[in-house]
Amino acid sequence: MKNIKSLKSVISLSLLTALSLVGCSSINSKEQANISTKTLTATTDNNKQTNTISENSPELAQVSYSFGFIMGESNKETVNDLDLTAFYQGFQDAYQNKEATLSKEQMQKVLLAYQQRKETEYAREIETLAEINLAKGKQFLAENAKKSGVKTTASGLQYEIVKEGKGETPKASDTVKVNYEGKLIDGTIFDSSYERGEAVTLPLTQVIVGWTEGLQLMKTGAKYRFYIPADLAYGSAGVSGIEPNSVLIFDVELLEINPK
């Protein structure tokens, strides 16, 4: 799930990337001035892009293409509706020290307005997506609660015992060592310590509410499957890779309590 990003921060990141490329290269200002418009844009006369740049192209052509590609790749999700012809023109004018057709004040004004409009549009999209996921999650949990072996706590957390343990039960203030796999209700795996081949150690005060509650039901050596409502997970905000109001499914194996 994408979070709302400031265009200023994205553009700043692109500029930092560009500056690092320039800093790592040996191109001097004279060489930069001699790069042709055709090399900078990598386009034909009718402004259609062609695949003319390869590892056999001159170094400056490869550097120019790499610079442009990185800028495009870095910004395509946030600034996804650029007029590329106008973008090329602005890039060329600045690079070739031509007089801008817009003043700096006009640029700042239009970029700020664009940023605000895009963030408003994206916020509406997230709100709609959150409503859809909330409905899907409620339906899933209602049906899942009827399945044999699934128990529901007062908070709405659902769980089933895959394997019972025999050790101690952790407290909310404890640190635990666990193996786990997290999935969405469509089966998509978004995180797994099993795939990384390494268990994780974490305090129960710093995990989602569903984990804090669920792990206190377990004994050392147990393996449970948790069905965690969105309000006990990442809620209407979501996080990277998890959409807002997503129900999460976790297989969790409690290995140790307060490991050394």
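Scroll up to find the structure.
What this report covers is the structure whose coordinates are included nearby. Not measured: the values here are computed from a predicted model.

### Let's talk about the overall build of the protein chain
Okay, step 1: Summing up its helical and strand segments, the protein chain has 8 helices and 7 strands in all.
Okay, step 2: Pairs at least 24 residues apart make up 71% of the contacts formed inside the protein chain by residues separated by at least 6 positions.
Okay, step 3: For the protein chain, the accessible area works out to roughly 16500 Å², and carbon and sulfur atoms hold 52% of it.

### Looking at the pairing of strand β6 (residues 223-228)
Okay, step 1: Inspection of the sheet shows strand β2 (residues 158-163) paired to β6 by 5 bridges, in the antiparallel sense. Each residue of the ladder has a partner; that of I161, found in β6, is Y224.

### Structural notes on the packing of aromatic side chains
Okay, step 1: A complete count under the given rule lists 12 aromatic pairs for this structure.
Okay, step 2: For the ring pair Y159 and Y224, a centre distance of 5.7 Å and an interplane angle of 5 degrees mean the geometry is stacked. Placement of Y159 in strand β2 and of Y224 in strand β6 is noted, with a sequence separation of 65 residues between them. Each of the two residues, Y159 as well as Y224, counts as buried.

### Brief notes about the nonpolar core
In summary, soluble globular proteins display a tendency toward joint burial of nonpolar side chains.
Okay, step 1: V178, W211, L215, F226, I228, F250 and V252 are the most contacted members of the largest nonpolar core, which totals 24 residues.
Okay, step 2: Among the secondary structure elements, those contributing two or more residues to this core are β3 (175-184), β5 (200-203), α8 (209-215), β6 and β7 (248-257).
Okay, step 3: The next biggest cluster of nonpolar side chains, apart from the first, holds 6 residues, and it includes F140, L141, V150 and V247.

### So, helix α5 (residues 84-95)
Note on helix geometry: an α-helix contains 3.6 residues per turn, so any two residues three or four positions apart are oriented the same way.
Okay, step 1: Compared with the 16 Å implied by 1.5 Å per residue over 12 residues, the 16 Å span of α5 between its first and last C-alpha is a close match.
Okay, step 2: N-capping of α5 is provided by D83, with a side-chain oxygen placed 3.1 Å from the backbone N of T85.
Okay, step 3: Once α5 ends, the next one or two residues include N97, with phi positive near 60 degrees.

Reading the values: the criteria
- Residues numbered from 1 in each chain as written.
- Predicted model: local features only at pLDDT ≥ 70, side-chain atom pairs only at ≥ 80, totals over all residues.
- Heavy atoms only, no water.
- Helix = DSSP H or I, 4+ residues; strand = E, 2+ residues; numbered from the N terminus.
- Contact = heavy atoms within 4.5 Å.
- Areas by Shrake-Rupley, 256 points an atom, 1.4 Å probe, with all protein chains shown as cover.
- Pairing = 2+ DSSP bridges.
- Phe/Tyr/Trp six-rings, centres within 6.5 Å; stacked < 30°, edge-to-face > 60°.
- Buried < 20%, exposed > 50% of the residue type's maximum accessible area, 1.4 Å probe, protein only.
- Core = buried A, V, L, I, M, F, W, Y, C linked by side-chain atoms within 4.5 Å.
- Expected span 1.5 Å × (residues − 1).
- Polar contact = N/O pair within 3.5 Å; in protein donor to acceptor, adjacent residues only side chain to side chain.

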